[in-house]
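Here is what each chain is made of, one letter per residue.
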Amino acid sequence: MLPTGITLTAVAAVAAVAPAAAGAATPAQLTVDRWQVGGTDAPVTARAQVPAGAALRVIVNGRTVATAVVERRARVRIVHLSARQGLHAGRNTIRFVAGEGRARQVRTRTLRLRAPQLLADAGPDTAVVVAQRTRLGNRPGLTAPRTGNGGARHALRWRIVTRPRGATARLSGRTAARPTLHAHTAGSYRLRLTSSLAGRAVSHDTVVVDVRPDDPPIGIPFATHGTVGGRRGIVLDGRLIPDTDSFEEINYAVIDRETRAVMTSGHVARQFNPVNAVYKSLRDRYMNDDRYLAVFAGQRGLGRDTGGQTILRMLADLTRTREMMQFEADAVLNGSPFAYVGIIGGPAETGTFRSPWGTIEPALANIGGYLKRSAITKRYEFVSPERPTFDTQLDPRATTSNTMVVDHRQHNAVLGTGITAGFQLVSLDPWTFQATSVVLPTNASDPSKDAGLAQAAADTLRGALDNPRWPIIFLQSIGRPNAHSASWNGFADQIERLGGSRYLVNALDGRHSYALAGRVLSASPTAEASSVKGEPGQLIGSLARSRTSHFDVVLTDANSGLKTNLIDMAFQAPRGFPAFTGAGQQAAYTHIGKALRFCAASAASCDVRKAYWDDYQAAWGQKSTDLAGMTFPDDARGFDRDDFAAVKRQLAKEISAVNTVKTYFDALTRPFARSSGGVTGVDISALGNELMNTIAPPPDSATTGWTLGLISQVLKVGTIAPPPASNIASGVSGVFAVAAYLSDENEKPILANSIRTRTDQYVATLAKRYEMAERALNDTALLFVSDYGKLIDATSHIDDDWRLPSSDLDQLAAMRLAAKRELALATTMAAYPRLIRGTPPPRGPGDANGLSCYFLPDYTQQHPWRNQPRGMQTVATEGFDGNGSPIRPAVFVTTWEGDSPRDVSGILFGAVRAGTSGLGLSTYDFFTRKVYGTLFHANDTASSCDLPFIPR
């Protein structure tokens, strides 16, 4: 239970110390200002302020320019334009476009430019690894010694404007069109190109080269409460960040997301004034760009007499995390350790915090995992490797017992003597990973005991949900529970509190099974499965850390198809490649690398294994063939036949495995792949637009969807068939689950996030999310080929239980059906957003058509839903009266104004058959608060049926 006096009220937003950039209202309008022609940064610069959630497109002379935006600061975009982006001498039309559909906004500016103003073109910003040479510039034609303006001599001059502190770098060809930068220190290098005519500077342009460490695809280890040599502090890549190991004070660091260089670090006393000084310093220095990651870690919490509440507000504001609930804040103020990680000036609620309630152990507050470069933003982001998997029913044949597996640990439950049915309840603590398992008996061989058992089950479940540590709750029926007493209502209340459907759990009548996974106040939907809906009543799935560091359910499957071992494998501890020992094997390794054309013939050494991820798109099948045909060279230097044979044998195994893994992942991306001719698999845009035209929601309506809902439907539909046919859907789902919490361009999770948008933008937004996810899937493949353990383990599964079918046509059809299901739910909710419950019999009529409302000023009873289609309403058991009789009201949907809808039930709930449009959805997945959130009660014969709106 929550301690007395503690509520779930969020801590108020910081006021006195909040920076304008973070606290100001997000602009609803697209604005473009601060135009400059002929500045030192680019031939043309401008600033755009973009509405929340809107992407910005820059169109120069009719051509969309992808490289125009050079800086992102929350909702601010800094734009640099040059000849490279399509500017030319004379009249130029520049359009800024934000949003889609009816929310689309356009701002246009016309500029007249002279040819000399466009001479400087420094080329696109780029990123390289340490010690890698990079060519700068963009237009070799600028090497011409003379240009217009009366034949005046044209000269170029490059110089490094800014570089990391203490960095050494060599710039060759400073007066050439395409000089070379060779940097040996990670960090950001800004270079300026100046074009001069007759000795006078006429044009400038700048380019940024981000030099990053040569990290593996998984990233580098990171911890807010890590330990190095017995000292606890903020740890990056196995090294303690300087001055961040204080036990008494708040440790902090700022990390560059382009290069992962530590910009500043230290510790500050747990008092308002010192923290406020650090807060203002970091805000003023780093708020202008969203490229910096702030880290704060306290090992002792905060005191109530130190301004602790305000300190928490400042840290949340700077790292853009969700504000703590009051009881969470109270825990920190009472000494619980804490940690914050987030982008300074980033979008709201994109940061991560962790504060384990009820403990003083610093290790439990650790935000630990990896900093890895995002495939979308090309910047470092934090990724948690904690992805526990679960199976709520190891043996579906068992009738008096159950074994549940959570995070690879088995939990057994057995019904007691005289008990015929019940549930196993497993509660997983998010901080300690400890799980508790109890049996909730609900039915006995003596039915007179059922009411007392149901009441006790409700009380036990309530206690688990009241735990302020917010554990993940797993429920699995044992036997076949039978809901038939008023005491069951309390159990259904707790199911609904968890985000489940009371209608579904109340439908258990002694013939069906049921499973649930979720937690209180979760950002992701609670998962349920039941044979009531014609599916297995069990759940297999995976969890992930949310931005509040609690566990959320990412993906579940009732058909035993989800590849949980793929998810486990992606985040298993790294295992290095077998070493080639001795000078002979090293020489043979280099020779083979050159022979396979991974390195130049003149290279002193050649790392073949690094090519597995650096050159992932290579023709690995051909490489494998070439290696197989390779023989010991007559001119071998530094190695003998034994060295050559040992290295060749090991590399043959690895290269074959890389080819196998790449072929597998390429097949998994096909369902959402795009080609020059459009989408070749599941075309979300086309399917969505088809349903939009069929269901026709109002153009100004809004809808909400859970992005992973589409993949959940893929699992539900695609894994009905047995393997190997189902392995496409299950494999796709597994890799999407791995990529779910990677960030999009707005730093939100790509898939583990909800979409709330105008209906006319929903389909485009969902399609874009999956386009980004497909790009992120390449990152998942790189995880497997860059780690020996993952590479070899995955290969064994690909040839066995992950084996794909020879044809994917049937699975593509199933996945299109799954996409249509999810899209149909979202568009129908937009068209008919009111979920209404009518007065049940005997007081009410038992259907929507017979409900009567009393209307003023006519003083008449009318039947506003007399034309309600039968298919757009259902009758469900919401509870039981004192006699154990079911209470079964009609539940139905209407338009926003309360009108009866068009009958689209044939599409939603019709059987899936060839030649029909039926999607086969269950009414339990639609007519429920779980989907709609709000359930309105229409009381028969009351004035306006006691509704907050007047039904028509």
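Rules used in this analysis
- Residues numbered from 1 in each chain as written.
- Predicted model: local features only at pLDDT ≥ 70, side-chain atom pairs only at ≥ 80, totals over all residues.
- Heavy atoms only, no water.
- Disulfide = S-S within 2.5 Å.
- Buried < 20%, exposed > 50% of the residue type's maximum accessible area, 1.4 Å probe, protein only.
- Helix = DSSP H or I, 4+ residues; strand = E, 2+ residues; numbered from the N terminus.
- Phe/Tyr/Trp six-rings, centres within 6.5 Å; stacked < 30°, edge-to-face > 60°.
- Lys NZ or Arg CZ within 6 Å of the ring centre and 35° of its normal.
- Pairing = 2+ DSSP bridges.
- Axes fitted to C-alpha atoms, helices over the stretch in contact; angles between N-to-C directions.
- Contact = heavy atoms within 4.5 Å.
- Arc of directions from axis to C-beta.
- pLDDT = per-residue confidence, 0-100.

S.K.: Can you tell me about the state of the cysteines, naming the residues and giving the values?
M.R.: This structure, assessed with the given rule, holds 2 disulfides. Note on cysteine connectivity: Cys599 is disulfide-linked to Cys606, with sulfurs 2.1 Å apart. Its S-S torsion of about 85° marks the bond between Cys599 and Cys606 as right-handed, since a negative value means left-handed. Accessibility expressed as a relative area gives 24% for Cys599, which makes it partly exposed. With a sulfur-sulfur separation of 1.8 Å, Cys853 is cross-linked through a disulfide to Cys945. Torsion about the S-S bond of the Cys853 and Cys945 cystine: about -100°, corresponding to left-handed handedness. One end of the pair, Cys853, is in strand 41 (residues 853-855); the other, Cys945, is in the segment after strand 47 (936-938), with 92 residues separating them in the sequence. The two residues Cys853 and Cys945 agree in class, both being buried. Should the bonded cysteines of the protein be numbered as they appear in the sequence, the pairing reads 1-2, 3-4.

S.K.: Tell me about the packing of aromatic side chains, and please be specific about residues and values.
M.R.: Taken as a whole, this structure holds 30 aromatic pairs when the rule is applied. Ring centres 5.6 Å apart and planes at 65° place the aromatic pair Phe327 and Trp470 in the edge-to-face group. With Phe327 in helix 4 (residues 326-333) and Trp470 in the loop between helix 5 (450-465) and strand 31 (472-478), the pair connects residues that are 143 residues apart, well separated along the chain. By relative accessible area, Phe327 is classed as buried at 1%. Ring geometry for Phe926 versus Phe927: centroids 4.9 Å apart, planes at 85°, classification edge-to-face. For the pair Phe926 and Phe927, a shared accessibility class is recorded, and that class is buried. Grouped by ring-pair contacts, the aromatic residues Phe577, Phe598, Tyr612, Trp620 and Tyr788 constitute a single cluster. It is Arg545 that lies over the ring of Phe551; its NZ or CZ is 4.1 Å from the centre. Lying across the ring of Trp896, Arg834 places its NZ or CZ 3.8 Å from the centre.

S.K.: Before we move on, could you go through the sheet that holds strand 21 (residues 292-298) and cite the residues and values that matter?
M.R.: Judged by pairing direction, the sheet is antiparallel, and its 5 strands sit side by side in the order 20-19-21-22-23 without closing on themselves. For this open sheet the edge positions go to strand 20 (262-268) and strand 23 (352-354), each flanked by a neighbour on one side alone. Averaged over all neighbouring strand pairs, the angle between strand axes comes to 5°, with direction disregarded. Strand direction decides the pairing type here: strand 19 (residues 250-256) and strand 20, joined by 6 bridges, are antiparallel. Directly across from Asn251, in strand 20, lies its bridge partner His267. Against the sheet, helix 3 (residues 308-319) contacts strand 19, strand 21 and strand 22 (338-343), and its axis sits at roughly 30° relative to strand 22.

S.K.: So what about helix 11 (residues 620-628)? Which residues, and what values?
M.R.: Taken residue by residue, helix 11 has Trp620, Lys623 and Leu627 as its buried positions. With its buried residues spanning 50° around the axis, helix 11 presents them on a single face. Here the buried face of helix 11 lies against helix 9 (582-595), helix 10 (611-614) and helix 12 (641-669).

S.K.: Can you tell me about the confidence of the model for the protein, naming the residues and giving the values?
M.R.: When pLDDT is averaged along the protein, the result is 88, and 94% of the positions lie at 70 or above. Here residues 1-26 is modelled with pLDDT under 50, and outside its nearest four sequence neighbours on either side it reaches 56 contacts, counting other chains as well.

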